[in-house]
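Notes for the structure review
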Amino acid sequence: MPGRLSSIVTAVVFATMVVPAHAATIQITMENLEISPAEASAKVGDTVEWINKDVFAHTATAKSGEFDVNLPAKKSGTTVVKKAGIVEYYCRFHPNMKATLKVIP
Amino acid sequence: MFVRWSAAIAAVALLSGPALAQGTKPTDPQIAHIAYTAGVIDVNAAKQAVKKARSKDVKAFAEDMLRDHEAVNKQALALVKKLNVTPEDNDTSKALSKQASDKLAELDKLNGAAFDKAYVANEVAYHETVNGALETQLIPSASNAELKSLLQTGLKIFQGHQQHAVHVAAELK
Ligand SMILES: [Cu+2]
């Protein structure tokens, strides 16, 4: 936890910075048409990385339109989350693939 | 639930040729053939649509179908090779192919928006039929675990396509 603490301290010290200095990367896997974890959480400024292990192309598309990441077969893609809230997203090609991303401030 | 169930039964009834009459379980070589044929049918329909579709959403949908069904069938071919199974033609595959070539000919006569609408409507119905057969007949009958698991992945893909097709159909109106 010292890492997290120092990042908070850094964020407070450099209060004018929009993105915290030590943003984390949250990995989410798509395999066999399943997104796991189906409920993930991230902090504003974190990078979310989707790793597509399938031989099929998928997308991570936010219902709100906040992001639409293309994930070709066996490739990964990222987005940086910019605002807090609960983001529901799905795959445009296979709308039965659904998951939730909780973004905390 | 009841509606879904009866739709699945209707779908299976539609697919059940004489070879798959009540009580007769299809064998793994037959299941592999049916699943592969079902994929080829949708690939052919997609190729026609890529050429003929007017709406860019319909064209994009057809390209998705082409890509996914080719990927599933590539996996299916690799699996039958690995398992040393020779897919066996059967009445269900034959009935599916016959229906599909009639449909291709019918759609070929249509153009523009009429084609787009008919293609997408058929994609919804076709995926529903195949999903019903997968769920109630092919998956429960498959005895090889790897074949069963490939069919289960196939079912999830096709269910995704069905929802996608329903969405594209709604946008066309
Ligand atoms: Cu997908």
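For the structure, check the block above.
Residues numbered from 1 in each chain as written. Chains lettered and ligands numbered in written order. Predicted model: local features only at pLDDT ≥ 70, side-chain atom pairs only at ≥ 80, totals over all residues. Heavy atoms only, no water.

1. So, empty space enclosed by the protein
All names here are of chain B. Tallied over the entire structure, the rule returns two cavities of 30 Å³ or more. Taken as a whole, the largest cavity encloses approximately 190 Å³ of empty space. In terms of lining residues, the largest cavity is bounded by 16 residues, among which A35, Y36, A76, L150 and L151 are the most central. If one sorts the elements of the lining of the largest cavity by residue count, helix 3 (residues 56–83) sits on top with six residues. Classifying every residue of the lining of the largest cavity by side-chain character gives 14 nonpolar, two polar and no charged. In this structure, the second largest cavity spans a volume of roughly 40 Å³. (1 Å grid on protein atoms, 1.4 Å probe; cavity = no way out; pocket = protein on both sides within 12 Å on 5 of 7 lines; lining within 4 Å. Points joined across faces, edges and corners; volume = space filled by probe spheres on them. Helix = DSSP H or I, 4+ residues; strand = E, 2+ residues; numbered from the N terminus. Nonpolar A, V, L, I, M, F, W, Y, C, P; charged D, E, K, R; others polar.)

2. Concerning unusual backbone geometry
Residues and elements named next belong to chain A. With an omega dihedral of 0°, the bond running from S36 to P37 counts as a cis peptide bond. Tracing the backbone shows P37 in the loop between strand 2 (34–36) and strand 3 (39–43). Positive phi, close to 50°, is recorded for N32, a residue that is not glycine. Among the structural elements, N32 can be located in the loop between strand 1 (25–31) and strand 2. Unlike most non-glycine residues, K74 shows phi in positive territory, near 60°. The exposed category is assigned to K74, whose relative accessible area is 56%. (Buried < 20%, exposed > 50% of the residue type's maximum accessible area, 1.4 Å probe, protein only.)

3. A closer look at the packing of helix 3 of chain B against helix 5 (residues 112–141) of chain B
To describe two helices that pack against each other, one gives the angle between their axes and the distance between the axes. All names here are of chain B. Closest axis-to-axis distance for the helix 3/helix 5 pair is 11 Å, and the angle between their directions is 35°. For the crossing formed where helix 3 meets helix 5, the hand is left-handed. Note on element contacts: helix 5 touches helix 3 through D116, Y119, V120, E123 and H127, opposite V58, F61, A62, M65 and H69. Split into classes, the residues belonging to the contact of helix 3 with helix 5 amount to six nonpolar, two polar and two charged. (Axes fitted to C-alpha atoms, helices over the stretch in contact; angles between N-to-C directions. Left-handed = near helix turned anticlockwise from the far one by under 90°. Contact = heavy atoms within 4.5 Å.)

4. Considering the coordination of the copper ion
Residue and element names in this part refer to chain A. Here the copper ion is held by H58 (ND1), C91 (SG) and H94 (ND1), and the distances to it run 1.9 to 2.2 Å. Along the chain, the residues that donate to the copper ion are spaced as H-x32-C-x2-H. One end of the pair, H58, is in strand 5 (residues 58–62); the other, H94, is in the loop between strand 8 (85–90) and strand 9 (98–104), and 36 residues separate them in sequence. On the basis of relative accessibility, which here comes to 0%, the residue H58 falls in the buried class. For H94, a relative accessible area of 0% translates into the label buried. (Donors = N, O, S within 2.8 Å, 3.2 Å for Na, K, Ca; no water.)

5. Considering the interface of chain B and chain A
With 14 residues of chain B at the interface, the matching set in chain A holds 11 residues. Summed over both partners, the interface of chain B with chain A comes to about 1,100 Å²; 57% of that surface belongs to carbon and sulfur atoms. At the junction of chain B and chain A, the tally comes to one salt bridge. Among the ionic pairs, K156(B) bridges to E34(A), the shortest N-O distance being 3.0 Å. Elements with a minimum of two residues in the side of chain B that touches chain A: helix 3 and helix 6 (145–172) of chain B. The dominant element in the side of chain B that touches chain A, judged by the number of residues it contributes, is helix 6 of chain B, at eight residues. Of the residues assigned to the side of chain B that touches chain A, the class counts are three nonpolar, seven polar and four charged. (Buried area = accessible area lost by both parts, 1.4 Å probe. Salt bridge = Lys/Arg side-chain N within 4 Å of Asp/Glu carboxyl O.)

6. Remarks on the packing of helix 2 (residues 28–52) of chain B against helix 4 (residues 91–108) of chain B
Residue and element names in this part refer to chain B. Between helix 2 and helix 4, whose axes approach to 9 Å, the crossing angle comes to 5°. As summarised for this structure, helix 2 and helix 4 are arranged roughly parallel, according to the angle between their axes. In this structure, helix 2 uses H33, I34, T37, I41, N44, A45, Q48 and K52 to contact helix 4, whose residues at the interface are T92, S93, L96, S97, A100, L104, L107 and D108. Grouping the constituent residues of the contact of helix 2 with helix 4 by class yields seven nonpolar, seven polar and two charged. (Parallel < 35°, antiparallel > 145°, perpendicular 65-115°, else oblique.)

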